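# Observations on the model geometry
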Amino acid sequence: MQLAAAGSFLTILQDDIVLIQTHTHSILQIVLLNLDHRDTVVSSAWLETLLSAIDALPKETIRQEILSPLLSKHQLSQSIPARLASCRILGKVVGKFESSIVKKDLLPLIRSLCQDVEYEVRACMCRQLENITRGIGLDHTKGEVLPELVELAQDEASTVRLAAFDTIINLLEMFDSDDRTCVIFPLVKAFCEKCFKGDEAVLASLSFQYGKLCHGLSESFTDEQHLWFLEFYKKLCCLGLQHENGHCESQPYPLELENKYALVRRNCAYNFPAIVLFADPNHFLSELYRTFSSLCHDPEISVRRTAAGGFHEVVKLLGPNVHYIHKELITLLQDDSLEVLDALLNNLQETLELATSRGEGAGPESKVNIQDLVPALVAAEQKAASSLHWRVHEKLLQCYSCLPRVISGDQIYFRFFQRMFSIITTNNVLPVQREAVRTLCVFLRYNRKQEQRQEIMSKIKQDLAQGRSYWNRLRFLDLCDITIDLFSKSYFCKHFLIPALELVSDPVANVRYKLCYMLPKLRSTIRPTEKHLLQQLEFCVRKLLCREKDKDVVVTLRKTVLELDKMDITEPYHKRHERELLDQKKEKEETLLLEMELLERQQSEAKLAGDKQSEKKQRESKSGLSGSKGMSGTLSGASSSSSSGKEMRRAKLARSRSLSGHPTTPKMTNSDKTLKLKDSGSCPGSGKSPMLPLNDDNLRPHHFNVASSISSTPSSSSMPVLIRSNTSSSVDHRSNGNKDTQSRKLSVQRKSNSFGMQSGRE
């Protein structure tokens, strides 16, 4: 009854139900009277009512009815709850009066409560010093409030020291640079060192406020002070851990102490983005990477969960250096605890988009490695699917909708599409199935390859629209509902409308019921010019009206028919115009995707043709090089032999010309003679080799073709088809070239035979 009365009186005051004078003389007196109630819960409720009423009460009423009794009483004679109430009342009313009145009338009482014999009173008054400081202004802060804070920060009770530390952090902007450097920094440093040595309870609060402390004092820090605070933070992150072989393991501590250390590390993980900003993101790799890796591999789940919750903030701060924490992202995605994965999923879309888009100008090494990221995402989904935490699974599938902006369409098609179909057809949780349907639609929306889209559409029609289970057919209707929002009207009518209308003859009433419910939305996708589609829709409605026997479907169908009749009449023009503009935008995007697909296909074909041409040129250059090497060997043999018998060759040449008119029967065939000529050209000093330069122009094409065929033969099995076809054409060309040059080679053979006969006679 007391609690209800306290709430009712507060409502009366805040809503101006009665005049303020009536409230002052009747209700306020009851509130003040019940502040001393023997039940602490009741007295606390009335105190909250009074503190809320102070904002609405006039200044004179506060002075006469609240402050006068408070100042007239001797505080030590009051009970501890009464003195605690006085502290909170002083902190609330100080903002209602001028600084001169506060300094003259209220500061003596405030000092008295700051030096109270009970540590609870001192701690409570210390926490109110923030409001008092903002009430008296900057002029009196240094002389009136700062000395009290310094004294309370050195109090014997840890609760008082903690209250003083929190107040100092909240008032950092109220102190000037000299006070921060000469007073606050030594005080905070001593406080941190004392807490680290043995005050674990205060250490938890210190670690929670550490980021705010560093940023508040960073402008006044020297390089040495900056380094000290950074190193102290690293110590806090490893508190209670030992590092062996790069892994963090908990040291054996009592359970209570171990929990306190885990809380400190969790607070450090919470403050890590602030410390990255404090230490400069450009120095992350050298200063903070090992610390961050330690937090992501911490043995406590709560620490890893907190690190995962702030991962996206670290990604934002690192900018082009986001690849530094690629391993940690993979580690958190593959964490054994679903709590860690759940915390990471809250901002996973933003994390993935930033991680894969940053550093475009700095080279591929500045981006996250997609080859490791895709298996980690797949493993995370499988882990969530095998657990009982279906909400985590649903959230992960929702995050998958950003993958078209992160990875390529082929990776999505080969790694995720089949999995989405499997979830839709086999999972037993309806929200998970619907989210998988939505993700599948998003994948289809941004797929750029016509063949893949056609295969997906055929699979949707076969497995869902015409599926054996009515559950799958219901999911197809869910898919239609989603595609109406994602795709343009023309695309939906082309691919989804007819399969949806065919479900009018479905044997299961639930499917027909859902189809009747969706008919108005299906009707909205048909343009007035598409008469055949309107006729099909009307035929389906008539068929349902004539044949439907299920009473629930009939009731829904009648409502739907009335709604269909009113659609074109009741819809405002501006809404219809907005829908048309949005549909035109979707259609342009789909057209752009088709154009991009065509452009990519042309580029790939041009690249393939260029590769084919370059390989052909490379093969011809290799063949030409081998032919030039063979001819160079022939020339070298000819020059060496010509130096020894120049006169003799002239005589032989004259005699061979005289004998050229008499035909001689060759002892070898043309092919054998050609091979012999080649063998003789390779041996320096041979008698037949000097004649090869005379027919160099005739022999060079044949030698080129033979060399190219020889060089291409060993690797023909491993070549692409296009390359093999080019090789065979070169062989055919060689055979044709042999036929064309047969007569010329015959003359060369006859001359060589005549030389052989002459040399035999000599």
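Cut-off values and rules
Residues numbered from 1 in each chain as written. Predicted model: local features only at pLDDT ≥ 70, side-chain atom pairs only at ≥ 80, totals over all residues. Heavy atoms only, no water. Phe/Tyr/Trp six-rings, centres within 6.5 Å; stacked < 30°, edge-to-face > 60°. Helix = DSSP H or I, 4+ residues; strand = E, 2+ residues; numbered from the N terminus. Buried < 20%, exposed > 50% of the residue type's maximum accessible area, 1.4 Å probe, protein only. Lys NZ or Arg CZ within 6 Å of the ring centre and 35° of its normal. 1 Å grid on protein atoms, 1.4 Å probe; cavity = no way out; pocket = protein on both sides within 12 Å on 5 of 7 lines; lining within 4 Å. Points joined across faces, edges and corners; volume = space filled by probe spheres on them. Nonpolar A, V, L, I, M, F, W, Y, C, P; charged D, E, K, R; others polar.

Going by the annotation in an unreviewed UniProt entry, the name recorded for the protein chain is Serine/threonine-protein phosphatase 4 regulatory subunit 4 isoform X6, with Danio rerio given as the source organism.

Moving on: the packing of aromatic side chains. Taken as a whole, this structure holds 27 aromatic pairs when the rule is applied. Geometrically, the ring pair formed by F208 and Y270 is stacked, given 5.4 Å between the ring centres and 10 degrees between the ring planes. With F208 in helix α12 (residues 200–217) and Y270 in helix α14 (residues 255–279), this pair connects stretches of sequence that are 62 residues apart. For F208, a relative accessible area of 42% corresponds to the partly exposed category. Ring geometry for Y413 and F417: centres 5.8 Å apart, planes at 65 degrees, overall edge-to-face. A residue pair is termed a helical-turn pair when its members lie 3 or 4 positions apart in one helix, as Y413 and F417 do in helix α24 (residues 409–426) at four residues. The exposure class of F417 is buried, given its relative accessible area of 3%. Among the aromatic residues, those joined into a ring-pair cluster are F185, Y210, F221, W228, F229, F232, Y233 and F278. Here the guanidinium or amino end of R445 rests over the ring plane of Y446, the centre of that ring lying 5.2 Å away. One Lys or Arg, K459, reaches over the ring of F421 and ends 5.4 Å from the middle of that ring.

Turning our eyes to something else, we now look at empty space enclosed by the protein. Counted under the stated rule, the structure contains seven cavities of 30 Å³ or more. The set of elements that each furnish at least two residues to the lining of the second largest cavity consists of α6 (99–114), α8 (129–136) and α9 (141–153). Among the residues making up the lining of the second largest cavity, the classes are represented as five nonpolar, no polar and three charged.

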